[in-house]
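Here is what each chain is made of, one letter per residue.
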Amino acid sequence: MTAVTDQGRDRGQGPEHGGPGGAADGAAGGAGGAEGAEEAAGRRWDDGLIARRAADALQEGVERERPPDDDVRPQVEAYGLPGSTLRPRLDALRELVGLSRARLDGDTLAEAGRVLDEASARQRLSSRHTVVAIAGATGSGKSTLFNALACSQISETGLRRPTTSAPIACSWTDGAAGLLDRLAIPGRLRRRPVQGGTDVDEALQGLVLVDLPDHDSAATGHRDQVDRVLALVDAVIWVVDPEKYADAALHERYLRPLAGHAEITFVVLNQIDRLPGEAADLVLDDLRRLLDEDGMAVGEHGEPGATVMSLSALTGDGVAELRELLGRFVQDRTAAAARLSADVAAAAARLRPVYVAEGRPGLGERTREEFADRLAEAVGAAAAGQAAEREWRRNAGRACGTPWLRLWRWYESTRQLGGLDLMAQALAPPEEELTARQRVEQAVRTLADDAVVGLPAPWAQAVREAAVSGAKGLPEALDELARNAQAGAGAAGRGRAGGGHKGAADHGAAASGARGAGAQGTPGAQGALGGPAGARAPGSGALGSGSLGSGALGSGASGRAVAPAAGALGGRPVRPPRPAWWPAAVLAQASMTLLQIFGGLWLLGQIVGVLEPGLVAPALLMLAGVVGGPLVEWSCAAAARGPARRYGQEAERRLREAASGCGRARVLDPVAAELARYREVRERYVAVTEFSTTGR
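In short, a report on the structure. The written sequence of each chain sets the order in which its residues are numbered from 1. Predicted model: local features are reported for residues with pLDDT of at least 70 only, side-chain atom pairs are reported and counted for 80 or more only, and whole-chain, interface and lining totals are derived from all residues. With hydrogens and water excluded, all non-hydrogen atoms of the structure serve as input to the side-chain values.

## What to know about the overall build of the protein chain
To keep it simple, the criterion reads: A helix here means a DSSP run of H or I that spans at least four residues, while a strand means a run of E at least two residues long, and both kinds are numbered starting from the N terminus. Buried residues are those whose accessible area, probed at 1.4 Å on protein chains only, stays under 20% of the maximum for their type, while exposed residues exceed 50% and partly exposed ones sit between those limits. Two residues qualify as a contact provided that any one of their heavy atoms is within 4.5 Å of a heavy atom in the partner residue. Note on areas: these come from Shrake-Rupley sampling with a 1.4 Å probe, and a residue is covered only by the protein chains present in the view.
Within the protein chain, the regular secondary structure consists of 27 helices and eight strands. By the burial criterion, 46% of the 696 residues in the protein chain qualify as buried. Look at the contacts in the protein chain between residues 6 or more apart in sequence, and 79% of them connect residues 24 or more apart. In the form shown here, the protein chain has an accessible surface area of approximately 33600 Å², with 55% of it arising from carbon and sulfur atoms.

## Quick look at the side chain of His 129
The following threshold applies: N or O atoms closer than or at 3.5 Å make up a polar contact, with two conditions inside protein: a donor-capable atom paired with an acceptor-capable one, and, for residues adjacent in sequence, both atoms drawn from side chains.
Relative to the helices and strands, His 129 is located in the loop between α6 (106-123) and β2 (130-136). The class of His 129 is buried, set by a relative accessible area of 2%. Here Ser 126 takes part through its side chain, which lies 2.7 Å from a polar atom of the side chain of His 129. Polar contacts involving the side chain of His 129 include one to the main-chain carbonyl oxygen of Asp 174, which spans 2.8 Å. Ignoring anything within four residues of it in the chain, the contact list for His 129 reads Arg 122, Thr 173, Asp 174, Gly 175, Ala 176, Leu 179, Gly 206, Val 208 and Asp 234.

## Focus on the pairing of strand β6 (residues 235-240)
For a regular strand, the rule is simple: side chains alternate between the two faces of the sheet. Stated precisely, the cut-off is as follows: A pair of strands is treated as paired once DSSP finds two or more bridges between them. Every crossover in which the path from the first strand over the helix to the second runs clockwise, viewed with the strands pointing away from the viewer, is termed right-handed.
Burial runs high along β6: six of the six residues are buried. Two strands pair when backbone bridges link them, and β2 and β6 are joined in this way by five bridges, in the parallel orientation. The residue bridging Ile 134 from the neighbouring strand is Ile 237, located in β6. Inspection of the sheet shows β6 paired to strand β7 (residues 265-269) by five bridges, in the parallel sense. Opposite Ile 237, over in β7, you have Phe 266 as the bridge partner. With helix α11 (residues 248-255) bridging β6 and its parallel neighbour β7, the resulting β-α-β unit is right-handed.

## Some details on the packing of helix α20 (residues 457-471) against helix α27 (residues 616-689)
Threshold: Axis angles are defined between N-to-C directions and span 0 to 180 degrees, where every axis is a line fitted to C-alpha atoms and, for a helix, only to the segment in contact. What sets the label is the angle itself: under 35 degrees gives roughly parallel, over 145 gives roughly antiparallel, 65 to 115 gives roughly perpendicular, and the rest give oblique. Helix crossings fall into two classes, left-handed where the near helix is turned counterclockwise from the far one by less than a right angle and right-handed where it is turned clockwise. Any residue outside Ala, Val, Leu, Ile, Met, Phe, Trp, Tyr, Cys, Pro, Asp, Glu, Lys and Arg is labelled polar, Gly included; the first ten of those are nonpolar and the last four are charged.
Interaxial distance between α20 and α27 falls to 8 Å at its minimum, and their mutual angle equals 160°. Classified by the angle their axes make, α20 and α27 are roughly antiparallel. When you trace α20 past α27, the crossing you get is right-handed. In this structure, α20 contributes Trp 459, Ala 462, Val 463, Ala 466, Ala 467, Gly 470 and Ala 471 to the contact, and α27 contributes Arg 666, Val 667, Pro 670, Val 671, Glu 674, Leu 675, Arg 677, Tyr 678 and Val 681. Its residues assigned to classes, the contact of α20 with α27 comprises 12 nonpolar, one polar and three charged.

## A word on helix α26 (residues 582-608)
Rule in force here: Take the number of residues in a helix, subtract one, and multiply by 1.5 Å to get its expected span.
Along its 27 residues, α26 runs 39 Å from first to last C-alpha, staying within 8% of the 39 Å computed at 1.5 Å per residue. Residues of α26 that are buried include every one of Trp 582, Ala 585, Gln 589, Met 592, Thr 593, Gln 596, Gly 599, Leu 603, Gly 605 and Gln 606, and no others. The positive-phi residue at the C-terminal boundary of α26 is Gly 609, with phi of around 100°.

## Comments concerning a positive patch on the surface
Heads up, the rule is: Each patch is built from residues that are more than 30% exposed by relative accessible area and take part in no salt bridge. Like charges join if they lie within 9 Å; nonpolar side chains (Val, Leu, Ile, Met, Phe, Trp, Tyr) join within 5 Å. When a carboxyl oxygen of Asp or Glu lies within 4 Å of a side-chain nitrogen of Lys or Arg, that pair is called a salt bridge. By the counting rule applied here, Lys and Arg register as positive and Asp and Glu as negative, while His and the ends of each chain are not counted. Note that the charge is assigned to NZ on lysines, CZ on arginines, CG on aspartates and CD on glutamates.
A cluster of like positive charges, contributed by Arg 393, Arg 641, Arg 645 and Arg 646, occupies part of the molecular surface. For the positive patch, the element with the most residues is α27, which contributes three residues. As for its position among the elements, Arg 393 is in helix α16 (residues 381-400). Arg 393 sits in the partly exposed class, given a relative accessible area of 41%.

## Observations concerning helix α7 (residues 142-150)
In terms of residue burial, α7 counts as a mostly covered element, since eight of its nine residues are buried. By the burial criterion, the buried members of α7 are Lys 142, Ser 143, Leu 145, Phe 146, Asn 147, Ala 148, Leu 149 and Ala 150. Turning to α7, the residues buried within the fold contact β2, β3 (168-171), β5 (207-211), β6 and α13 (319-332). One or two steps after α7, the chain reaches Cys 151, where phi turns positive at roughly 55°.

## A few points about unusual backbone geometry
You will see that Cys 151, though not glycine, has its phi angle at about 55°, which is positive. Within the fold, Cys 151 resides in the loop between α7 and β3.

## Description of the pattern of salt bridges
Evaluation of the coordinates by the stated rule reveals 27 salt bridges. The shortest N-O distance in the salt bridge between Asp 174 and Arg 192 comes to 2.7 Å. Note that Asp 174 is positioned in the loop between β3 and α8 (177-182) and Arg 192 in strand β4 (residues 190-192), a separation of 18 residues in sequence. Among the residues examined, Asp 174 registers a relative accessible area of 26% and is labelled partly exposed. According to the relative accessible area criterion, Arg 192 is buried, its value standing at 15%. For the salt bridge of Arg 274 with Glu 243, the shortest nitrogen-to-oxygen distance reads 2.8 Å. Highlighted residues: Arg 274 in the loop between β7 and α12 (279-293) and Glu 243 in the loop between β6 and α11, separated in sequence by 31 residues. Each of Glu 650, Arg 653, Arg 654 and Glu 657 takes part in a single network of salt bridges with overlapping partners.

## Some points on the side chain of Thr 138
By secondary structure assignment, the location of Thr 138 is in the loop between β2 and α7. Among the polar contacts listed, one links the side chain of Thr 138 to the side chain of Asp 214, at a separation of 3.1 Å.

## Observations concerning the environment of Pro 304
Relative to the helices and strands, Pro 304 resides in the loop between α12 and β8 (307-310). The exposure class assigned to Pro 304 is exposed, which follows from its relative accessible area of 55%.

## As for the packing of α7 against α13
Where α7 meets α13, the closest approach of the two axes is 10 Å, and the angle between their N-to-C directions is 70°. Relative to α13, the element α7 lies roughly perpendicular. The hand of the α7/α13 crossing is right-handed. Residues Leu 145, Ala 148, Leu 149 and Ala 150 of α7 form the contact with α13, whose participating residues are Val 319, Leu 322, Arg 323 and Leu 326. Here the residues of the contact of α7 with α13 are counted per class, giving seven nonpolar, no polar and one charged.

## Considerations on the nonpolar core
How we decide: Nine residue types can take part in a nonpolar core, namely buried Ala, Val, Leu, Ile, Met, Phe, Trp, Tyr and Cys, and a core is a set of them joined through side-chain atoms within 4.5 Å.
Residues Leu 183, Leu 230 and Leu 322 are the most contacted members of the largest nonpolar core, which totals 71 residues. Filtering out sequence-adjacent residues up to four positions away, Leu 183 remains in contact with Val 131, Val 210, Arg 228, Val 229, Leu 232 and Val 233. Counting 57 residues, the second-largest nonpolar core is a separate cluster that includes Ala 112, Ala 347, Ala 378 and Val 463.

## Considering the packing of aromatic side chains
Worth spelling out the cut-off: For Phe, Tyr and Trp, rings pair up if their centres lie within 6.5 Å, where Trp contributes its six-membered ring, and each pair is then called stacked (planes under 30 degrees apart), edge-to-face (over 60) or tilted (otherwise).
Taken as a whole and judged by the stated rule, the model has six aromatic pairs. A centroid spacing of 6.4 Å and a plane angle of 40° characterise the contact between Tyr 355 and Trp 459, whose relative ring orientation is tilted. Of the two residues, Tyr 355 sits in helix α14 (residues 335-355) while Trp 459 sits in helix α20, which places them 104 residues apart along the sequence. Tyr 355 sits in the buried class, given a relative accessible area of 0%. Through pairs of rings, three or more aromatic residues link up here, namely Tyr 355, Trp 459, Tyr 678 and Tyr 685.

Below, the structure is given as structure tokens:
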């Protein structure tokens, strides 16, 4: 037994590393300079060819006697085994952490980052060594077992508690300095075992055994060292005794959290020499039961899992069997990969609550349609379509109605649109504007709630933030797009720039024009806007796009909203398209009017005495005109219902599509992008977890 520091061995320092160069130097003489060499050559007879042949022969002899280098032997690469899933899982975990940094806090990703760092550190070190720690409670006999495995008195044993105060390492081969530096074990605590040259000793080549302090030590520093080293070693041997094998501190603090590391775990029941008869088997069976309750698989009948056995480190009973098991375990060279794979699985299990959703979250077609319906309701698409239909029928009535009825309607409109009425309509109740904005906000909230159903909390929060961020300015954007759709479609207006009529009384557009003109200081422009996207039924309370066009969804935008729209429409809005039968209807109505005028003049002439009396003919003409005019108007109104309905539906569709497109660009697309990001990280998480955790 000798205490060594592996630094000198690993660097290959020493006279034996001089190699053939040293032999050649010895053959050439040691004068130490060019002049000394020349003098020696002058005095010696065996210079030249003989000396060179002698040096070559000596060099060949040194090469034959040199022990084979460790790197010449075929090695098993622990991280590149055929079919190993460790590298793909580490890459997937690295991508998962990178994609999640903007959505998850650092504490959530800390364990995954630590696993990646430790995996990178371990893969840079020797893959030909297996670091195995011996851990246990106070008085369990782990130091005695450590000495028995090393066949040497390396670790101090005794009755004083705690006996082991710092980790002690025993390395069977050179080249483990980097691994021990990673464990922060100083050179004075690194030892070499006594090897007898047996097959078991040969199998243990590459083993680095570490004796740890007590995990239940009264000294806090000892427990901290145990926790630190256990997170870095490739495997661990838990030593328990018949008194403390069921200790809650061992099971709850270590065995249960490390249940996923079963394949790199040995659980050894020590001190069986103290148990009489079959008591050792009974205690061992109970120990297996406790491990099963902890969730740690026990490797039996060739199945993977923890190795559970009993021995007596004091008498040596079972120690040889453990040495043989360790030899096979070390020669497999898979412990490091299995440890890293188990660490990845444990990190993935901790991240499961933030990546695994309950159900299938997302934006379904029904959710999208309901969102579009709510936006359409907020901008008053239905009311706008109804107003457009009424406008179309009103235009038909103006074109095909009797002149006397049109004069009466004009009179009624001028009387109703007085100065006080205009001011009252301009000062619309602010509750309508608030209602429109609240409808938009409610639509966005409902969409976000439907999209995050089942999502983990961090991703649900990210989706809600995307929806709320996109909803900023959405009411104003809906306002602007509705006006653009109105102008681009050539929506009909009822009023003219300098006057009004009864139809304007039914239009929120006329009122909004008055509000816009009042805000801009241009009175008399109340009839500049109108048409399908700018109407509201009188007294209905439904929010029409007339209030939308006036900036009802955008606070304080009423004055700025109307003037551009009126300019876009040229101040004289285009009337709705007229069907082909309108000229015939107008001609028929004009004929009825002429019949009334002609009959009236005929009767007047008879009364005055200019014409010969005869009341039947002029009376019949006037009666035909009086009856035919309303009949033509009624027929035209009936014929106009279908086209008017289609025109109103088209106006509603245009406004609905404008609102839907705005909502899709500002809310649906950002929410869908956030959900796509979640699906991407979920795929990476599946790549981390779907492989076997054995690493084999």
